[in-house]
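Architecture and fold: a report
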Amino acid sequence: MAYSFPEEVLEYVFAFLSSHKDRNAVSLVCKSWYEIERWCRRRIFIGNCYAVSPQIVIRRFPEVRAVKIKGKPHFADFNLVPEGWGAYVYPWISAMVRSYPWLEEIKLKRMVVTDESLELLSKSFKNFKVLVLSSCEGFTTDGLASIAANCRNLRELDLRECEVEDLSGHWLSHFPDNFTSLVSLNMSCLGSEVSFSALERLVSRCPNLRTLRLNRAVPVEKLPNLLRRAPQLVEFGTGAYSAENQTDIFSNLVEAFSGCKHLKSLSGFWDVDPAYLPAMYYACTGITSLNLSNATVQSPDLVELIIQCPNLKCLWVLDYIEDAGLKALPSYCKDLQELRVFPSDPYGAEPNVSLTEQGLVTVSAGCPKLQSVLYFCRQMSNAALITIARNRPNLIRFRLCIIDPQAPDYLTLEPLDTGFGAIVEHCKELLRLSMSGLLTDRVFEYIGTHAKKLEMLSIAFAGDSDLGLHNVLSGCESLRKLEIMDCPFGDKALLANAAKLETMRSLWMSSCSVRRCPSSNVEVMDERGHPDSRPETCPVEKLYIYRTVAGPRVDKPNFVWTMDEDAVLRLS
Amino acid sequence: MEEMELQLKLALSSNLDEGFDLNDHNEEQEYDRLMKKKRCFDETFEEIKNVQVPRTLPLLDHIDLCEEEDGVVGWPPINSWRKKICHHYHHNSRRGCTTPTNYVTVKNGCGGGSRSNSMYVKVKMEGVGIARKVDLSRHHSYQTLIDTLMAMFANEKVQGYKLAYQDKEGDWLLAGDMPWG
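Residues numbered from 1 in each chain as written. Chains lettered and ligands numbered in written order. Predicted model: local features only at pLDDT ≥ 70, side-chain atom pairs only at ≥ 80, totals over all residues. Heavy atoms only, no water.

In the nomenclature of an unreviewed UniProt entry, chain B corresponds to Auxin-responsive protein from the organism Olea europaea subsp. europaea. Database annotation for chain B, UniProt heading Subunit (unreviewed entry): "Homodimers and heterodimers." In its Sequence similarities (unreviewed entry) section, UniProt records this for chain B: "Belongs to the Aux/IAA family." (UniProt positions renumbered as here; feature names shortened; annotations may be inferred.)

Where an unreviewed UniProt entry is consulted, chain A appears under the name TRANSPORT INHIBITOR RESPONSE 1-like, with the organism given as Olea europaea subsp. europaea. The record held by UniProt for chain A lists under Subcellular location (unreviewed entry) the comment "Nucleus".

Written out as structure tokens, the structure reads:
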């Protein structure tokens, strides 16, 4: 058959496809489309750094300009993945240095990044523009100094909740005097003080600066000078937001904030003195995103600030807001789409604030666009969950953490099965669900039956038997990531659904009852020694199963055991 | 299932031999502080006497944690950044008690085994990031418990450590002083 469409035209059309799913679908149409697509793909997303090797990626996609890679499983955030597990970025960087000299963007999440990696990348990619490191670790401020000194075309340096060894604030002074291309700087996770004059000069000479997120060490007195030099800022994060009582600071702040007519996002707010919050009111009309999750401030002051933001779409706040504060949201912030309420005292024996399920119920009733919820509280009822589900069938993310594990419905003392069942039944577009409280196998029946679009599920202290896990694995058609801790799930469900595991990115199970592993590409983390060295009845500590085309890892630490097929046969 | 209130610790025997009394070291103040946190699980389940709720054993606090966690590892699901905010604000006054060194603290966690007859107790060794859990119902003597714990912490230098536990009065006892039952 004559091939009528010139490649160039197809390439041109493919360039409009930005979603990875679409690009992947296109590449499956036929061999020539596969070839055209792979030569023109510029952006790669690797959801699990061990699912594929750098060599395989480079061989297939020779002209990549932007890479996003994720490393450790999500539960690493809660200290469940031992030190030294892996997710090193160095092999990726060294391979890309050879094959992608024109690489512009690297975005990493939960990976181990060394100063060596940062130095290598800063010296090798001449057109490097964007570095985003989320929840990464392993580097020091010396690595940042290399980036600052060598990346002449840098636009974004964004460090989100990274564990950085903070040797000094001197790294910032390594940006050359003729460096003017900065668009985004997020140093909020760093500890030490940078030179304020260097920071002011940097901000002054970068006219395109849109995002500036300072660290705690920048005192509130320094803010007016910075804001005056960058009135074009769209996203701003303060440092410590308190000072000795000096009235001119307040008026300077008011003046500076009112000069910033484009602000959409505010964050920072460590050590807040509530008296300084009103200084921001003039900047609040345009605010769509407010992150007050560091602000240890009581409800009235919090609410006063929040209600200044009629266009608020995203609110992150501590539970100091209380039910009373949440009640204000439907009246003042009707466009709210995302709400995250974090616990101020999660380890306290008694509740320290008056935040209950009622707060969430009122927001769900009054904010019609609410679609994403993360909520920590100490009590919940089936009735409340059912109400929330009925109010907000448009929810796509629902993460509820009731702080006491296995807490039942506080009104009826029953499990919360029907409540969560209502969530999955009514919220048909639900993509992500995290559950807590007392839950039996029944809730997994509901999930398997209704949660057809669910992609990520997090479970802890739930279920009675393998039937629970089986219902999830067999019923949730879209499931990609499943993470389970402390549930009585064992081998049967895994063995019965081994094929399902290959359609998922990963499965994590810790402190469960798994003894035998269903297939290869299974990692068992056990610091007590090889699983074979213990009695057959002894469950494994941690299990991480993921699909991969890269074969077994070559960088395993001594507490990770990959189960091969022989092991499965021996144990059975 | 019998209710047992335990806190187990592994300690360097040299410390103990020098007449080092586990019952000293501000234990009283420490104990009061611990008891406040312990209530969390005690009360939750004590109030629900007629319901089939799995009993979790009372939780006692860690002293001088590496991870700064009072409960089961990984719960509640809060990352280290959030913990810094919480602890900095609230726990400045609670912390600062000096701890005996070289202790492994053991506390009762709500492991998945709480629905069966297992009794999971959490063991922590000072200086080690990851806690372990041991099921007391699987052991019938202190010796097997100690052997298991030694195997669990095999990566660390466990020579010269001893096992100690804190009973509900807050007194520290050496494992072996009382009969296993």
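1. A few points about a nonpolar patch on the surface
Together, F5(A), V9(A), Y12(A), V13(A) and F16(A) give the surface a local cluster of nonpolar side chains, amounting to about 540 Å² of exposed area. Summarising the element assignment, F5(A) is placed in the segment before helix 1 (7–14). (Patch = residues over 30% accessible without salt bridge, like charges linked within 9 Å, V, L, I, M, F, W, Y side chains within 5 Å. Areas by Shrake-Rupley, 256 points an atom, 1.4 Å probe, with all protein chains shown as cover. Salt bridge = Lys/Arg side-chain N within 4 Å of Asp/Glu carboxyl O. Helix = DSSP H or I, 4+ residues; strand = E, 2+ residues; numbered from the N terminus.)

2. Topic: the pattern of salt bridges
All names here are of chain A. One pass over the structure, following the stated rule, counts 24 salt bridges over all chains. For R38, the salt bridge goes to E35, with nearest N and O atoms at 3.2 Å. Of the two residues, R38 and E35 both sit in helix 3 (residues 31–40), three residues apart, roughly one turn of that helix. In this structure R38 comes out as buried when scored by relative accessible area, which is 14%. Between R43 and E105 there is a salt bridge, with its nearest N and O atoms 2.7 Å apart. On the criterion of sequence distance, the pair formed by R43 in strand 1 (residues 43–46) and E105 in strand 3 (residues 105–109) is long-range, its members being 62 residues apart. Its relative accessible area of 15% is what places E105 among the buried residues. (Buried < 20%, exposed > 50% of the residue type's maximum accessible area, 1.4 Å probe, protein only.)

3. Comments concerning the packing of aromatic side chains
The relative placement of two aromatic rings is captured by the distance of their centres and the angle of their planes. All names here are of chain A. One pass over the structure, following the stated rule, counts 20 aromatic pairs over all chains. Summarising the aromatic geometry, the rings of F75 and W508 are spaced 6.3 Å apart at their centres and angled 80° between planes, so their arrangement reads as edge-to-face. Taken together, the residues F75 in the loop between strand 2 (66–70) and helix 5 (90–99) and W508 in strand 20 (residues 506–510) connect sequence positions 433 residues apart. Each member of the pair, F75 together with W508, is buried. Ring geometry for F398 versus F420: centroids 6.5 Å apart, planes at 65°, classification edge-to-face. A residue pair is termed long-range when its members are at least 10 positions apart, and F398 in strand 16 (residues 397–402) and F420 in helix 16 (residues 417–426) qualify at 22 residues. Each residue in the set Y50, F75, F78, W85, W508, Y544 and Y546 is aromatic and connected to the rest through ring pairs, giving one cluster. Cation over ring: R553 sits above W85, and NZ or CZ is 4.7 Å from the ring centre. (Phe/Tyr/Trp six-rings, centres within 6.5 Å; stacked < 30°, edge-to-face > 60°. Lys NZ or Arg CZ within 6 Å of the ring centre and 35° of its normal.)

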